[in-house]
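Structural features, examined
Residue strings, one per chain:
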Amino acid sequence: MMAYNFSVAKDLLTGGSIANSSWTDNLSYAGNNYPDLAYSNDDQRHRFITALSYKFKYSKYTSTQVSLFYQYFNQGRFSLTVNGDINQDGLTRNND
């Protein structure tokens with residue numbers, strides 16, 4: 001079996017498990033109340049999947065199956081950020 005996936009994922013805010021950290025860790029230059037549409041952290045452009053399997057039968061009741069699975073994906077998104085309070089919103093953790 002072989003498969004190929006192509007996708008584009010964009011979002012305004014990548015949610016976390018705690019609401020406060022989702023807001024303070026939001027990377028923006030216009031302020032956290034005005035997020036920009038950007039590529040998601042989960043954006044996975046190209047993904048190839050391959051699976052191979054072969055079954056060795058020894059008798060009517062015994063056999064051995066060997067399987068191989070391989071996947072290749074591109075997870076190359078990165079962002080240039082600046083440490084400090086550039087937009088003076090009082091938060092230094094969000095690398096605005």
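Here's what I pulled together on the structure shown here. Computed from a predicted model, the values in this text were never measured in an experiment.

Definitions and cut-offs
- Residues numbered from 1 in each chain as written.
- Predicted model: local features only at pLDDT ≥ 70, side-chain atom pairs only at ≥ 80, totals over all residues.
- Heavy atoms only, no water.
- Phe/Tyr/Trp six-rings, centres within 6.5 Å; stacked < 30°, edge-to-face > 60°.
- Helix = DSSP H or I, 4+ residues; strand = E, 2+ residues; numbered from the N terminus.
- Buried < 20%, exposed > 50% of the residue type's maximum accessible area, 1.4 Å probe, protein only.
- Lys NZ or Arg CZ within 6 Å of the ring centre and 35° of its normal.
- Pairing = 2+ DSSP bridges.

1. A few points about the packing of aromatic side chains
Per the counting criterion, the structure on display carries 3 aromatic pairs. Measuring from ring centre to ring centre gives 4.8 Å for Tyr4 and Phe48, while their planes differ by 40°; the resulting arrangement is tilted. Placement of Tyr4 in strand S1 (residues 2–6) and of Phe48 in strand S4 (residues 46–57) is noted, with a sequence separation of 44 residues between them. Judged by relative accessible area, Tyr4 falls into the partly exposed class, the value being 42%. Between Phe48 and Tyr72, the ring centres sit 6.2 Å apart and the planes meet at 35°, which makes this aromatic pair tilted. Taken as a pair, Phe48 in strand S4 and Tyr72 in strand S5 (residues 63–73) lie far apart in primary sequence, 24 residues in all. The class of Phe48 is partly exposed, set by a relative accessible area of 39%. Accessibility expressed as a relative area gives 43% for Tyr72, which makes it partly exposed. Directly above the aromatic system of Tyr39 lies the positively charged group of Lys10, at a separation of 4.8 Å from the ring centroid.

2. Overview of the pairing of S4
Relative to S4, S1 runs antiparallel, the two sharing 5 bridges. Along S4, the bridge assignment pairs Met2 with Thr50. In terms of strand pairing, S4 meets S5 through 11 bridges, oriented antiparallel. Across the sheet, residue Ser53 finds its bridge partner in S5, namely Ser67. Where S4 folds back on S5, the antiparallel hairpin that results is connected by 5 residues.

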